[in-house]
Amino acid sequence: AQSVAQPEDQVNVAEGNPLTVKCTYSVSGNPYLFWYVQYPNRGLQFLLKYITGDNLVKGSYGFEAEFNKSQTSFHLKKPSALVSDSALYFCAVIRRGASKIIFGSGTRLSIRP
Amino acid sequence: EPEVTQTPSHQVTQMGQEVILRCVPISNHLYFYWYRQILGQKVEFLVSFYNNEISEKSEIFDDQFSVERPDGSNFTLKIRSTKLEDSAMYFCASSGVGQRDNEQFFGPGTRLTVL
């Protein structure tokens with residue numbers, strides 16, 4: 001069965017420190033990979049995607065993600081966290097040729113001042 | 001910047017009533033989707049729609065659900081007889097032409113509360 005795993009329900013980081021939000025996937029073939037962010041009472045905002053090419057993908061708000069095919073991971077990173085980064089982050093995949101996004105369970109990121 | 005819009009932002013209904021959730025996708029997009037998020041749970045795919053027909057649907061999308069593109073701009077989700085467990089945030093999304101990109105743009109959601 002296809003799935004996306006976000007092993008941490010919550011990640012707490014001090015402002016200015018680097019952050020990592022983990023994601024692994026189990027999807028056949030070479031899927032497209034995404035990160036979305038959800039702020040309170042808001043919809044899902046696209047952060048970044050991996051389609052092909054360079055394993056390090058840069059996205060919005062200074063976020064980046066590293067694709068690792070051997071580990072089937074797509075961890076989200078940022079070198080220096082901001083309090084405003086506090087939100088719910090979803091890893092997601094689409095199997096090539098399919099239309100539905102498979103979401104992870106989400107990780108709540110909390111940045112303390 | 002173009003965006004997906006949804007109305008209403010919050011819908012309260014009695015169990016057994018019909019509801020219609022409305023979405024206006026980005027104007028040049030051709031693929032349309034509905035997802036839902038039960039409070040505290042993950043976002044789940046419901047249905048995708050292309051060329052005036054359903055292209056894929058999940059097990060959740062049973063006979064109580066239907067989708068329609070009644071005109072050139074709106075995309076609707078109808079729940080015929082709502083149940084308590086239909087209470088959730090419903091997100092509409094759209095994407096452009098081409099398989100390569102597959103970036104789906106999401107609306108702000110409609111919170112459905114079934115009493």
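Summary of the structure given here. Since this is a predicted model, take the numbers as computed values, not measurements. (Residues numbered from 1 in each chain as written. Chains lettered and ligands numbered in written order. Predicted model: local features only at pLDDT ≥ 70, side-chain atom pairs only at ≥ 80, totals over all residues. Heavy atoms only, no water.)

The next point concerns the overall build of chain A. In terms of regular secondary structure, chain A is built from zero helices and twelve strands. Of the regular secondary structure in chain A, the N- to C-terminal order runs β-β-β-β-β-β-β-β-β-β-β-β. The C-alpha atoms of chain A give 13 Å as radius of gyration, which agrees with the globular expectation for 113 residues (13 Å, within 12%). Its C-alpha atoms put chain A at 40 × 30 × 20 Å along the principal axes. Every one of the 113 residues in chain A was classed for burial, and the buried ones make up 48%. A separation of at least 24 residues holds for 56% of the contacts in chain A among residues at least 6 apart in sequence. Within chain A, one finds 12 positive and 7 negative side-chain charges whose respective centroids are separated by 8 Å. (Helix = DSSP H or I, 4+ residues; strand = E, 2+ residues; numbered from the N terminus. Rg over C-alpha atoms; globule rule 2.2 N^0.38 Å. Buried < 20%, exposed > 50% of the residue type's maximum accessible area, 1.4 Å probe, protein only. Contact = heavy atoms within 4.5 Å. Lys, Arg positive; Asp, Glu negative; His and termini not counted. Charge placed at Lys NZ, Arg CZ, Asp CG, Glu CD.)

Most of the time, phi is negative for any residue but glycine, and the peptide bond is trans. All names here are of chain B. Here the bond from T7 into P8 is cis, since omega is -10°, no more than 30 degrees from zero. With respect to the helices, strands and loops of the structure, P8 is situated in the loop between β1 (5-7) and β2 (10-13). The backbone of N52 sits at a positive phi, close to 65°, despite the residue not being glycine. Summarising the element assignment, N52 is placed in the loop between β5 (43-50) and β6 (53-57).

Glancing now at the interface of chain B and chain A. Contact with chain B, which involves 20 residues of that partner, is made by 23 residues of chain A. Carbon and sulfur atoms make up 51% of the area that chain B and chain A hide from each other, which totals about 1,800 Å². Between chain B and chain A we count one salt bridge in total. Note that K49 of chain A is salt-bridged to E103 of chain B, the shortest N-O span being 3.4 Å. (Buried area = accessible area lost by both parts, 1.4 Å probe. Salt bridge = Lys/Arg side-chain N within 4 Å of Asp/Glu carboxyl O.)

Residue and element names in this part refer to chain B. Tracing the chain through its elements places F32 in strand β4 (residues 31-37). The spacing of F32 and E44 is twelve residues in sequence and 15 Å in space, taken between C-alpha atoms. When neighbours within four sequence positions are excluded, F32 is seen to be in contact with P25, V47, S48, F49, R69, F75, A93 and S94.

So, about the pairing of strand β3 (residues 19-24) of chain B. A regular strand places its side chains so that they alternate between the two faces of the sheet. All names here are of chain B. Burial along β3 is one-sided: V19, L21 and C23 are buried, and none of I20, R22 and V24, which face the opposite way, are. Relative to β3, β1 runs antiparallel, the two being bridged by three bridges. From the neighbouring strand, T5 faces β3, where its bridge partner is V24. Across five bridges, the pairing between β3 and strand β8 (residues 75-79) is antiparallel. (Pairing = 2+ DSSP bridges.)

To continue, consider the packing of aromatic side chains. Within this structure, the stated rule accounts for 18 aromatic pairs over all chains. Summarising the aromatic geometry, the rings of Y50 of chain A and F67 of chain A are spaced 4.3 Å apart at their centres and angled 25° between planes, so their arrangement reads as stacked. Taken together, the residues span a long stretch of sequence, with Y50 of chain A in strand β6 (residues 44-50) and F67 of chain A in strand β8 (residues 64-68) at a distance of 17 residues. The pair formed by Y50 of chain A and F67 of chain A is uniform in burial state, with each residue classed as buried. Plain terms: the ring middles of Y31 of chain B and Y50 of chain B are 4.4 Å apart, the flat faces sit at 10° to each other, and that makes the pair stacked. With Y31 of chain B in strand β4 and Y50 of chain B in strand β5, this residue pair connects regions lying 19 residues apart in the sequence. Classification of Y31 of chain B by relative accessible area gives buried; the value is 18%. Judged by its relative accessible area of 33%, Y50 of chain B falls in the partly exposed class. (Phe/Tyr/Trp six-rings, centres within 6.5 Å; stacked < 30°, edge-to-face > 60°.)

Read these as layout, nothing more, since geometry by itself doesn't imply function.
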